[in-house]
Amino acid sequence: KQLKIMPPKKSLSVCRAPLILFLCQVMNALEVPLDLVQPPTIIRQSPKDYIIDPRENIEIQCEAKGKPPPSFSWTRNGTHFDIDKDPLVKMLPNSGTLVISITIEGKAETYEGVYQCTARNERGAAISNNIVIRPSRSPLWTKEKLEQITILKGQSLILPCRPPLGLPPPIIFWMDNSFQRLPQSERVSQGLNGDLYFSNVLPEDTREDYICYARFNHTQTIQQKQPISVKVHSMDELNDTITANLSDSEFYGAKSYIERPPKLLTPEGRTSHKEELRENVLSLECIAEGLPTPSINWTKVDGELPVNRTFYKNFRKTLNIIHVSEADSGKYKCTARNSLGFVEHTISVTVKAAPYWITAPRNLVLSPGEDGTLICRASGNPKPSISWLTNGVPIEMAPDDPSRKIDGDTILFSDVQESSSAVYQCNASNEYGYLLANAFVNVLAEPPRILTEANLRYQVITDRPAMLDCAFFGSPIPTIEWFKGTKGSVLQENTYVFHDNGTLEIPMAQKDSAGTYTCVVRNKLGMAKNDVHLEIKDPTRIIKQPEYKVVQRGGKVSFECKVKHDPTLIATLTWLKDDGELPNDGRFSVDNDHLVIMNISDEDDATYTCVANTSLDIVSASAVLRVVDRPNPPFDLELTSLLERSVQLSWIPGDENNSPITDFIIEYEDALHEPGIWHHQTDVPGTQTTVELKLSPYVKYSFRVIAVNSIGRSLPSEASEYYMTKAAEPEENPTAVEGIGSEPDNLVITWQPLKGFDSNGPGLQYKVSWRQKDGDDEWTSVVVANVSKYIVSGTPTFVPYLVKVQALNDVGFAPEPVIIVGHSGEDLPMVAPSNVHVNVVNSTLAEVHWEPVPPKSIRGHLKGYRIYYWKVKNSSKRNRRHVEKKILTFNGSKTHGMLPGLEPFSHYILNVRVVNGKGEGPASVDQVFNTPEGVPSAPLFLKIVNPTLDSLTLEWDPPSHPNGILTAYTLKFQPINSTHELGPLVDLKIAANMTSLVLRNLSYSTRYKFYFYAQTSAGSGSQITEEAVTTVDEAMASRQVDIATQGWFIGLMCAVALLILILLIVCFIRRNKGGKYPVKEKEDAHADPEIQPMKEDDGTFGEYSDAEDHKPLKKGSRTPSDRTVKKEDSDDSLVDYGEGVNGQFNEDGSFIGQYSGKKEKEPAEGNESSEAPSPVNAMNSFV
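Since this is a predicted model, take the numbers as computed values, not measurements.

Peer 1: What is the right way to read the overall build of the protein chain from this model?
Peer 2: Helix and strand content of the protein chain: eight helices and 87 strands. For the protein chain, with 1183 residues in total, the buried portion stands at 44%. Sequence-distant contacts in the protein chain: of pairs separated by 6 or more residues, those separated by 24 or more amount to 67%. Surface summary for the protein chain: the accessible area is close to 60400 Å², and the carbon and sulfur share equals 51%.

Peer 1: What is the right way to look at a nonpolar patch on the surface in this model?
Peer 2: Together, Leu1058, Leu1059, Leu1061, Ile1062, Ile1065, Val1066, Phe1068 and Ile1069 give the surface a local cluster of nonpolar side chains, amounting to about 720 Å² of exposed area. With respect to the helices and strands, Val1066 occurs in helix α5 (residues 1047-1072). Residue Val1066 is classed as partly exposed on the basis of its relative accessible area, which comes to 39%.

Peer 1: Would you take a moment to explain the state of the cysteines for this structure?
Peer 2: A covalent bond between the sulfur atoms of two cysteines is referred to as a disulfide. Tallying each qualifying case throughout the model produces six disulfides. A disulfide bridge connects Cys376 with Cys426, and the sulfur atoms are separated by 1.6 Å. An S-S torsion of about -70° defines the bridge between Cys376 and Cys426 as left-handed. Of the two residues, Cys376 is situated in the loop between β31 (372-375) and β32 (377-381) and Cys426 in strand β37 (residues 422-430); the sequence distance between them amounts to 50 residues. Through a disulfide, Cys470 is tied to Cys519; the S-S separation comes to 2.0 Å.

Peer 1: Looking at this model, I keep getting lost on the nonpolar core. Mind explaining?
Peer 2: One recurring pattern in soluble globular proteins: nonpolar side chains tend to sit buried together. Counting 31 residues, the largest nonpolar core has Ile60, Trp74 and Tyr111 as the members making the most contacts within it. Breaking this core down by element, the ones donating at least two residues are β3 (49-52), β4 (58-60), β5 (62-67), β6 (71-76), β9 (98-100), β10 (113-121) and β12 (131-135). Residue contributions to this core peak at three residues, all from β10. Excluding its chain neighbours within four sequence positions, the residues that come into contact with Tyr111 are Ile58, Arg76, Asp86, Leu88, Val89, Ile100, Ile102 and Ile133. Judged by nonpolar contacts, the second largest core, of 23 residues, contains Ile480, Trp482, Ile506 and Leu534.

Peer 1: What's the story with the sheet that holds strand β26 (residues 310-313) in this structure? I'm lost.
Peer 2: Strand pairing in a sheet takes place through backbone hydrogen bonds and is either antiparallel or parallel in direction. Spatially, three strands are ordered β23-β27-β26 in an open sheet, and the strand pairing comes out antiparallel. Looking along the sheet, the strands with just one partner apiece sit at the ends: β23 (282-285) and β26. Adjacent strand axes in the sheet meet at a mean angle of 20°, parallel and antiparallel pairs treated alike.

Peer 1: Would you mind showing me how to read the environment of Pro68 here?
Peer 2: In this structure, Pro68 sits in the loop between β5 and β6. When the C-alpha positions of Pro68 and Leu36 are compared, they lie 8.7 Å apart, and in sequence the two are 32 residues distant.

Peer 1: Quick question: what am I supposed to make of the sheet that holds strand β62 (residues 690-694) here?
Peer 2: The strand order across the open sheet built from three strands is β58-β59-β62, with neighbouring strands paired in antiparallel fashion. The open sheet terminates on both sides in strands that have one partner only, identified here as β58 (635-640) and β62. Strand-to-strand twist across the sheet, computed as the mean angle between neighbouring axes with direction ignored, equals 25°. Pairing of β58 with strand β59 (residues 646-652) involves four bridges; the strand directions are antiparallel. Of the residues in β59, the one forming a bridge with Thr640 is Gln648.

Peer 1: Help me understand the pattern of salt bridges, please; the structure alone is not making it clear to me.
Peer 2: Any two side chains of opposite charge can pair if their charged atoms end up close together. Applying the stated criterion across every chain, the model contains 37 salt bridges. Residue Glu731 pairs with Arg645 through a salt bridge whose shortest N-O separation is 2.9 Å. Of this pair, Glu731 sits in the loop between β64 (723-724) and β65 (735-740) while Arg645 sits in the loop between β58 and β59; the two residues are 86 residues apart in sequence, bridging distant segments of the chain. Relative accessible area serves as the criterion here: at 47%, Glu731 is assigned to the partly exposed category. Taken together, the salt bridges that share partners define one network made up of Lys544, Glu560, Lys562 and Asp593.

Peer 1: In this structure, what is going on with the pairing of strand β19 (residues 221-224)? I would like to understand it.
Peer 2: Regular strands place side chains that alternate from one sheet face to the opposite one. When strand β18 (residues 207-216) meets β19, the two strands line up antiparallel, connected through four bridges. Paired with Arg215 across the strands is Ile222, a residue of β19.

Peer 1: I keep staring at the packing of aromatic side chains and nothing clicks. Help me out?
Peer 2: The geometry of an aromatic ring pair comes down to the distance between the two centres and the angle between the two planes. Under the defined criterion, the tally for this structure stands at 23 aromatic pairs. Ring geometry for Phe81 and Tyr115: centres 5.8 Å apart, planes at 75°, overall edge-to-face. Within this pair, whereas Phe81 is found in the loop between β7 (79-80) and β8 (89-91), its partner Tyr115 is found in strand β10, the two being separated by 34 residues in sequence. Both rings, one in Trp751 and one in Tyr766, keep their centres 5.7 Å apart while their planes meet at 55°; by these two values the pair is tilted. Taken as a pair, Trp751 in strand β66 (residues 746-752) and Tyr766 in strand β67 (residues 765-772) lie far apart in primary sequence, 15 residues in all.

Peer 1: Where do I start with the confidence of the model for the protein chain in this structure?
Peer 2: Low pLDDT means the predicted atomic positions in that stretch should not be read closely. With 84% of its residues at a pLDDT of 70 or more, the protein chain shows a mean pLDDT of 84. Confidence drops under a pLDDT of 50 for residues 241-256, and excluding neighbours within four residues, the segment shows 10 contacts in the predicted structure. When the criterion is pLDDT under 50, residues 875-880 qualifies, and its contacts beyond four places in sequence or with other chains add up to five contacts.

Calculation criteria
Residues numbered from 1 in each chain as written. Predicted model: local features only at pLDDT ≥ 70, side-chain atom pairs only at ≥ 80, totals over all residues. Heavy atoms only, no water. Helix = DSSP H or I, 4+ residues; strand = E, 2+ residues; numbered from the N terminus. Buried < 20%, exposed > 50% of the residue type's maximum accessible area, 1.4 Å probe, protein only. Contact = heavy atoms within 4.5 Å. Areas by Shrake-Rupley, 256 points an atom, 1.4 Å probe, with all protein chains shown as cover. Patch = residues over 30% accessible without salt bridge, like charges linked within 9 Å, V, L, I, M, F, W, Y side chains within 5 Å. Salt bridge = Lys/Arg side-chain N within 4 Å of Asp/Glu carboxyl O. Disulfide = S-S within 2.5 Å. Core = buried A, V, L, I, M, F, W, Y, C linked by side-chain atoms within 4.5 Å. Pairing = 2+ DSSP bridges. Axes fitted to C-alpha atoms, helices over the stretch in contact; angles between N-to-C directions. Phe/Tyr/Trp six-rings, centres within 6.5 Å; stacked < 30°, edge-to-face > 60°. pLDDT = per-residue confidence, 0-100.

Shown next, in the form of C-alpha cells:
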C-alpha cells in the first residue's frame, strides 16, 4: 500500500472536448522523459545581480538537462571566457557551474564582470541570464573630529550618520558605548537615511556616546562612527555654580524654551517626488520638529490607502506600502500636528515597472507535420521591447527555417520536421531591467507511455478531493480516457474533473468512490494504460475540544481533547503552546487525551492547541489559558500639592495579572504616635491613580497603596515619603464620659481618652469640670494630664452632678464639650418595706404584697425588691428540718409578687428588702404562712410475696411526699384470663396505717392485676400497678407431670410452642408496623380501667390491656424479680420566676406557669407504648 500525496488542482485547458480529454499542444505540465532526445533546458543559475564575499571562492551556477547531455561554455563581458587558460577557474564535472578559487591567491575584483552560460547539444542551445559578479564592500568611516554639540532644552537636533557607501548598502542603527540601543520614541527617531532626529531635546538627552553603527550583512562586519557628544542646557547663560544652588522645583520649573508649532525636518519644502518600482516596498517618510512633540498622520490625496498592504513604522513617521503597483501612484500627504498648529507635505509617487511576464514562452513538443506557436508577452513601465533569439543567436542572424514565421511577440510553426528542433530565447527589456526565457521546440514521433507508477494506492478522507495521477507522454499528444472497475464505462465530465496533465479529480470523494480506476492513453502510434486504487477513510474529528480556562497563579489546570478517527489509521495527538512545542518542563504532563499543567506561572498564559493527525488529515482545536492572580503592588508613589490639611497622592499600578483592578486601598502610618501601624484612609476606583487625601494636624504621615482585583489584594506598595502636618487645637473631646461614685462620699469621673492621632498637637491634657445639678454652685475645674479618670472626694451621698471633660493641647482648646449627668456614690438603703402580707393562692403558690419605702431612704438607684422565704416544718409532723432560704427579686418599684413552687401542707416564713446599686436594705418583719394539703405522691413501692393456690400477700411503703395527712389506701384488682380478657374489678379500702395485706379466696393458677394509690383530704394520689399469679394445684401438677412424660404430649407441646413462636414473631412484626392482631382488637374494644375516672362506688373497669404489662418501669411496667415496684423519684421542682438567683416574676408579679407533680400515666396510655411484647409473658398467659 502506498500513500500518494495529492498534487494541487490545475484548471482545465479550453481545448478539452467532452468525454475524451484532448490535450492541447501548449502544455508546460507535459515533461519529455529524459531518455528521449530533447534540446537543453537551464534548470539552475546564479542570480542576475550576484554580490560575492571577497574572502571566499566564487561559484557561478549553471545547470542544464537535455538528451544528449549538453556541453557548456561561458562568455565574460560579451566575449568568450576560456576557462582553460586560467588556473584559478574550473568547471564542475557534468555541469556548467564555474568555481573560481581566490582564497589562496587572486582577488575578487579581478573577476568582476557580466557572465553568461550556454548549454548546447545537437538539438539546440539554451542560454542563462547575464550574471553580474560584484564583490561586496564594507569600507570604514573617514576619520573626523567631532565637536561637542551644545543645545538649549526644547530645540530640535539632527545627528548625522552619513555611512560609507557599501555593497550592498549597510543597515544603520544607533547605540552607546555599552552596545545598548538608544531608546527611540515619538520625540527621538532614526530616519531612513540613518540620521538621528530630535523633535525637541530634553536634559536627559545629554550624553557623550551617540554612536552610529553600520552593519554589512554580506561580510558580517560592523563599522562605527566616532561618538557624538551632546550637552543640553536648561537655560541660557546658566553655569554649573548657579545650577547647583537652585532647588529641584526651581530648576525644572524654569521655562528655558519656547513652545512652537511643527516644522518638517525631512523632507524639506511643501512638496517632493518619489519613484518606486513595481512589487517593491514604497517607503515614505516625514519627520517634524516642534514643541510639544508633533504627531504624524498620513493620507492619500486622490484615493484611499490600501488596507491590507499599508504599515506604519518609526512611530508613524514612515509609511510603508508593500507590493506596490501602478495603481499606487498618486499624491500622499503627511501632516505633522501639535497643540500650536500643523504643517503638511505632499509626496508625488510614480510607480515604474521593470518587465514582467504576461505570457512566458513554454516548451513545444510536436510530431512531424504538426503546427505550433511560441508566445512571449511582457509588460512594464515603460513598455518593454521584445526580441527573439534562436540557440543563443539573434533570430535575424540565424539560418532561415521555412517552418517558422515571426509576428512580433509570437512565432508560428507549421509542418515542422525534425530539423525544426531548436531552443528559442525571448528577451523583454526596458530601462529598469530585462527578462530572458528559454523555450524549445522538439520534434519527435513517440507512441504513448504512462509515466505514473503502476498500481498506485491512494487513501483519501471522505468529502475531500481525490486526485488520481496518470502522467503520460507521446508525440503526437495522446488522448486520455478514465474508467472505473473492470467493466466500467468511460467516466463523464459532469461528475469528475479531467486535468490537462492526465490527473482525474473526484471533487468530493464518498464511500462509494472507492475502487480501481484505469486510465488509457492513445495516439496514432499506439496505446498505454494504468490502474490506480482508491480507498476512502473516515475523517479525524475532535469530539471534545479543550475549553477556555481561568486559573490562579500557582494552581493546576487540565485540558481535555477527545479524538475519533478511522480505525484503520493511526492517530497521534500533539499539544502545542502558542503554535510551538510544549516547554521541556516537569510541570507539563500529557496523559492520553489530557494536558495537565501544575504550579501555573505567568509564562503559562497562552493558547494551547491539541493537534490530531493521521497520515491523511490533521485537525486541531485550541483553548486559551488565562493565568490570573492578585495584582502586583503599585509603585512610584509620589506626594504633590502639599497643603496643611490635604495632599495629593499618585502612583503607578502594578501588573493586574489578567484580572482588572477594581479598587485601590489607601492606608496611612502615623510615625509620630503609632509607628509601624497602618490604618485605612480611603478607597478609590481601579481606574484612578491619583487621589486628594484629607489630613489631620500634627501627624507624621506616610502612605501606601494596595490594589484589589477579583482574585484578592496585592501586597502593599513601598511606603511613600513622610509628610508632617502642623499642630492645631483638638477638634474632638473625649467620649464615653461618665460620673459614678465608687464610695458614698465621692464622684468618679471617667472618659475615653483621645488617641494620639486626634490630639492635633503636643501637650495633650483634659479639663475636667463638675457641679451639683440642683445647686447654684459655679463649675469646679481641674486640668489633668493624658489620663482617663478623675475622683472628686467629699461629695454628699447620691447627689446628681453635671460633668464635662474638654481636651486641650499646647495650641488651644477643643470645642465646648457635651454636659452629662452623673451621681455621687450610693449607700445602703435605710428603711425596710412595710405592711407586708401574704395571700396563699393554692398549695404551691402564694402572693406577697408590701408598701414601698420612701425614695430618700433608698440612697441610690432603686434596683427592686427582694423576697427571702424558707420552709420551717412539715404540718404532718414528719421530717422537721430547716431548708435553705430561697430568693426572688422583683425589678423596679413593684409592690407585689408571686411565690411559685411551694410545697403543700408546709410552714413558711418570708421577709422583704429593698435593693439599690450598693446592696440590700434592712429586712421587713417576718411573715408566717402555711400551705394547704395536696394530693399525695404514689406509694414508694408495691410488692407481692408468698403466692399460694388461693392467696397473695401485698406489701408497700407510704408515699415519699404525702403532701398532707393520709386518710386511706385504695386497692383495685381484677383477674386476667388466658385470652387476656379482664374480669370483674374488686375495690378495697385500706387503713392509712397499714403496710401489708393478705388477699384470700383467690382462684388458683390465675393472673391478677393490681392498682394501688394513697389518699388525703385533698384527693387521690398517683397509682402504681403490679401483676401476680396464684400457684397451681399439686394433684393437677402431678397429672401434668405424668402427661408430660408421654412422647405424644411432648411432641404436641413442641408443635404448640413452635406455632406460638411463629405467631409472636408475626405479631411483633405487625405491631412494629402499626398493624393489629386479635388481642389488640379486643384491647381497642374495651377501654383500660385506668382511663376511666376511679370512682369509689364504681365496681367496673375496662378490660385488661396487655400493652400495659410491658411498659417501661416509669410507665407501670412488670415488676423486677423481687416483685418490688418503686415509685420513681418525683419530678416536682420549683420553677424560678424571680429575677435574682432563684427566679423572677413577670412585670405585673404574676406567676409564670404552674406547679404540678407528675402522676403515673393512666392505663389507657399503655396502648401507646413502643415496647415490644415479651414472649415470656405471652407464654405465662397459656399456663
